[in-house]
Amino acid sequence: MSAAVSEKNSVLMEKIVSLCKRRGFIFQSAEIYGGLNGCWDYGPLGAELKRNLKEYWWRKNVQERDDVVGLDGSILTLEAVLKSSGHLDGFSDEMSTCKSCKRHIRFDQLRDLIANSAWAQSLAEAMTVEKPGDPAGVSADGETLARWARKKGKTLAPNLALVRNPEVVISWIIEESVRHQPMDPWYFTQLVATEQLRQTGPVNPCPDCGGELTAPRKFNLMFETNFGAAGDGTAYLRPETAQSIFVQFKNVLETSRVKLPFGIAQIGKSFRNEINPRNFTFRSREFEQMEIEYFCKPEDGLRLTDEWLEARLTFYEEIGIPREHLHIVDIPDGERAFYSQKTYDIEYEFPFGIQELEGIAYRTDYDLGVHQKGSGKSLEYFDEESKEKLLPHVVEPSAGCDRTVLALICEAFDEETVTDEKGKEEVRTVLRFSPRVAPVKVGVFPLLKNKPELVAKAREVQKLLTPFMTVFYDEAAAIGRRYRRQDEIGTPFCVTIDFDTIGENGEELKDTVTIRERDSMKQERIAISELRAFLLDRIQ
RNA sequence: GCGGGUAUAGCUUAGUGGUAAAGCCCUAGCCUUCCAAGCUAGUUAUGUGGGUUCGAUUCCCACUACCCGCUCCA
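In short, a report on the structure.

The rules behind each value
Residues numbered from 1 in each chain as written. Chains lettered and ligands numbered in written order. Predicted model: local features only at pLDDT ≥ 70, side-chain atom pairs only at ≥ 80, totals over all residues. Heavy atoms only, no water. Salt bridge = Lys/Arg side-chain N within 4 Å of Asp/Glu carboxyl O. Helix = DSSP H or I, 4+ residues; strand = E, 2+ residues; numbered from the N terminus. Buried < 20%, exposed > 50% of the residue type's maximum accessible area, 1.4 Å probe, protein only. Pairing = 2+ DSSP bridges. Axes fitted to C-alpha atoms, helices over the stretch in contact; angles between N-to-C directions. Phe/Tyr/Trp six-rings, centres within 6.5 Å; stacked < 30°, edge-to-face > 60°. Lys NZ or Arg CZ within 6 Å of the ring centre and 35° of its normal. Core = buried A, V, L, I, M, F, W, Y, C linked by side-chain atoms within 4.5 Å. Contact = heavy atoms within 4.5 Å. Polar contact = N/O pair within 3.5 Å; in protein donor to acceptor, adjacent residues only side chain to side chain. Arc of directions from axis to C-beta. Parallel < 35°, antiparallel > 145°, perpendicular 65-115°, else oblique. Left-handed = near helix turned anticlockwise from the far one by under 90°. Expected span 1.5 Å × (residues − 1).

1. Focus on the pattern of salt bridges
Turning to step 1, where the next piece is worked out: With the rule as written, the count across this model stands at 37 salt bridges.
Turning to step 2, where the next piece is worked out: Across the salt bridge formed by Glu288 and Lys54, the nearest N and O atoms sit 3.1 Å from each other. In this pair, Glu288 sits in strand S11 (residues 286-296) while Lys54 sits in helix H2 (residues 44-63), placing the two residues 234 residues apart along the sequence.
Turning to step 3, where the next piece is worked out: Exposure remark for Lys54: the relative accessible area of 22% places this residue in the partly exposed category.
Turning to step 4, where the next piece is worked out: Residue Lys510 is joined to Asp511 by a salt bridge in which the shortest nitrogen-to-oxygen separation is 4.0 Å.
Turning to step 5, where the next piece is worked out: Given a relative accessible area of 36%, Lys510 falls into the partly exposed group.
Turning to step 6, where the next piece is worked out: In this structure, a network of salt bridges that share partners links the residues Asp414, Glu416, Arg428, Arg432, Asp487, Arg516, Arg518 and Asp519.

This is the structure we're talking about:
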């Protein structure tokens, strides 16, 4: 992305964030206290928008399918579940950062990385050539070290203490080598990275540049919480909704009379202690997922992954995110999780970059396998046809709910230049939501507030529609302003009660209203009796 | 987590070591026969905590949050 484009998109994103706050879509959590990093609250309109998304997803993926059932699992999660799933080990890495080049290093990988690093291999080679036949360990040879530091070290590990300040470091090494005979190779590796041994103790070197690494810090990527009356038990806030689906697989299977292939769907909150929340609600510490685990026979996994990709793309189209703004990434071998045979990411062109909305992963029988092993309970499925037991495989379409809401807002946001009768140009801000997801479906206005007949009639129309859709009644300010207010929150239709409606201009126009469409700003006149059907037909 | 930037009303901005200004928005009233009209009145702000000072929104320090670039992203 060029700097100019980046700047333009940054301004666009600021406008979107500002609109979200101004109109009550999204607020920062605990704003009056200074805010809580990585957490956001949905205001009245945001709550409607998000509900519409979730309800449509549920309807399409659960209610309108006879092969998917729903689940609503607990957020608090037993430690053993996350132990089996691999989250407990995989989600709490110790990390070090290089003070010179800022690279992040997973501490458990450090020794391997050092062993394979160019400078460490070069140094080891130099020591071996100069001192052949010293199998017990590394012995310090000041001259060899100094020569290496001046030559190869300068290019391979410019930030290594030995290279930056050979005299001091070599003196430490010689001193230490007397006390440690034979010297442990790892201790030697630490020593060449240590400039102030007395002050700092031995430090670890960066595998890239030789610079000093910070002490390892533990990143708890899951939120831990106390549990039980005495508070001495440990539970976790789930980092994904999927695990309760796997853990309840057997119960659902036995109670729902489902047969392979079938899916279990769930919408709910998940929590990850993101190192760096960023980009408005995109990367939050508390977020909502819409997940399906679609269980199948092993031979169907790859085919179903492709089918789900298609189904999900259609879904995005139906809520107003066109395929042209989505990118499908087929995650290549080596970059997928080790248990996945196929993974697609569906990405959206956000103003801040192309970012993931949903992942569709063929996870084989990994999940049921680990929980079967962890719990000691069989999770096998008996196939009536073949009379055989099998451990089902699973395809997981996992969508980010908040991310999709953000994509809906970004996609809908538009600033349009309109020219009024006097030739004056002005900007019309419109959220072009699909009527299906729009938080308010219809605005109802009396043309004038100070005419009781108009107000009364408008209230009647409001009452007529309220049971079927979200209606916003507004009588304040000029009619044009009211239209624009609705444009800004993405209301697809506005109904205005005027003097025709109350029969002032003839019997044939009595009980008709104007209905104005958001995008075209065109109006047509229809009978109040047809209003409900007209609108329901267009908002589904 | 690192580096850089920002923080004044709901929004956009002004300004000052000594009473904080405007436009838009919003609210109420008047007016108004279809696209942000007009008039009147009104509410609302120096992110938090320290320090320097007689006095700090302004200068200094710390914290928090947000933005940008790295980094991370099961």
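Picking up where we left off.
2. Describing the sheet that holds strand S9 (residues 233-237)
Turning to step 1, where the next piece is worked out: Strand order in this open sheet of 3 strands is S4-S9-S8, and the pairing throughout is antiparallel. Edge positions in the sheet fall to strand S4 (76-78) and strand S8 (224-227), since each of these pairs with one other strand and no more. Across this sheet, the average inter-strand angle for adjacent strands is 50 degrees, counted without regard to direction.
Turning to step 2, where the next piece is worked out: Examined bridge by bridge, S4 and S9 share 3 bridges and lie antiparallel to one another. Bridge pairing in S9 places Thr77 opposite Tyr236.

3. Concerning the packing of aromatic side chains
Turning to step 1, where the next piece is worked out: Following the criterion strictly, the structure yields 19 aromatic pairs and no others.
Turning to step 2, where the next piece is worked out: Residues Phe493 and Phe534 carry aromatic rings whose centres are separated by 6.2 Å and whose planes lie at 75 degrees to one another, so their mutual orientation is edge-to-face. Linking Phe493 in strand S22 (residues 493-497) with Phe534 in helix H20 (residues 528-539), this pair joins segments that are 41 residues apart in sequence. Pair check on accessibility: Phe493 and Phe534 agree, each one buried.
Turning to step 3, where the next piece is worked out: Lying across the ring of Phe315, Arg312 places its NZ or CZ 4.4 Å from the centre.
Turning to step 4, where the next piece is worked out: Seen from the ring of Phe282, Arg403 lies directly overhead, with NZ or CZ sitting 3.9 Å from the centre.

4. Section: the nonpolar core
Turning to step 1, where the next piece is worked out: Judged by nonpolar contacts, the single largest core of 56 residues is most densely connected at Phe25, Tyr316, Ile319, Phe350 and Phe433.
Turning to step 2, where the next piece is worked out: Top element by residues in this core is helix H17 (residues 401-412). It accounts for 8 residues.
Turning to step 3, where the next piece is worked out: Residues contacting Phe433, with those up to four places away along its chain left out, are Phe25, Leu49, Leu408, Ile409, Ala412, Ala438, Pro439, Ile489, Gly490 and Arg518.
Turning to step 4, where the next piece is worked out: Ile114, Trp119, Met183 and Phe188 belong to the second largest nonpolar core, which has 34 residues in total.

5. So, the environment of Ser375
Turning to step 1, where the next piece is worked out: One can find Ser375 in helix H16 (residues 366-375).
Turning to step 2, where the next piece is worked out: A relative accessible area of 39% places Ser375 in the partly exposed class.
Turning to step 3, where the next piece is worked out: For the pair Ser375 and Arg22, spaced 353 residues apart in sequence, the C-alpha to C-alpha distance is 50 Å.
Turning to step 4, where the next piece is worked out: A distance of 3.1 Å separates the side chain of Ser375 from the backbone nitrogen of Lys377, its partner in a polar contact.

6. Quick notes on helix H14 (residues 249-256)
Turning to step 1, where the next piece is worked out: Every buried residue of H14 is accounted for by Phe249, Val252 and Leu253. Viewed end-on, H14 has its buried residues packed into an arc of 100 degrees, placing them on one side of the element. Opposite the buried face of H14, by more than 90 degrees, sit the exposed residues Glu254 and Thr255.
Turning to step 2, where the next piece is worked out: Residues of H14 that are buried make contact with strand S3 (68-70), helix H13 (242-247), strand S10 (262-271), S11, H16 and strand S15 (381-383).

7. Some thoughts on the packing of helix H18 (residues 452-465) against H20
Turning to step 1, where the next piece is worked out: As a packed pair, H18 and H20 sit with axes 10 Å apart at the nearest point and diverge in direction by 40 degrees. Comparing their axes, H20 and H18 come out oblique. Of the two elements, H18 crosses H20, and the hand of that crossing is right-handed. For the pair H18 and H20, contact is made by Lys457, Val461, Leu464 and Leu465 and by Ile528, Leu531, Arg532 and Leu535, respectively.

8. Notes on H20
Residues that lie three or four places apart on an α-helix share one face, since the helix turns once every 3.6 residues.
Turning to step 1, where the next piece is worked out: Helix length check: H20 (12 residues) gives 17 Å between terminal C-alpha atoms against 16 Å at 1.5 Å per residue, within 8%.
Turning to step 2, where the next piece is worked out: Among all positions of H20, only Ile528, Leu531, Phe534, Leu535 and Ile539 are buried. The buried side chains of H20 occupy one side of the element, clustering within an arc of 110 degrees when seen end-on. Exposed residues pointing more than 90 degrees away from the buried face of H20 are listed as Ser529, Ala533 and Asp537.
Turning to step 3, where the next piece is worked out: Positioned one or two residues after H20, Gln540 has a phi angle of 55 degrees, which is positive.

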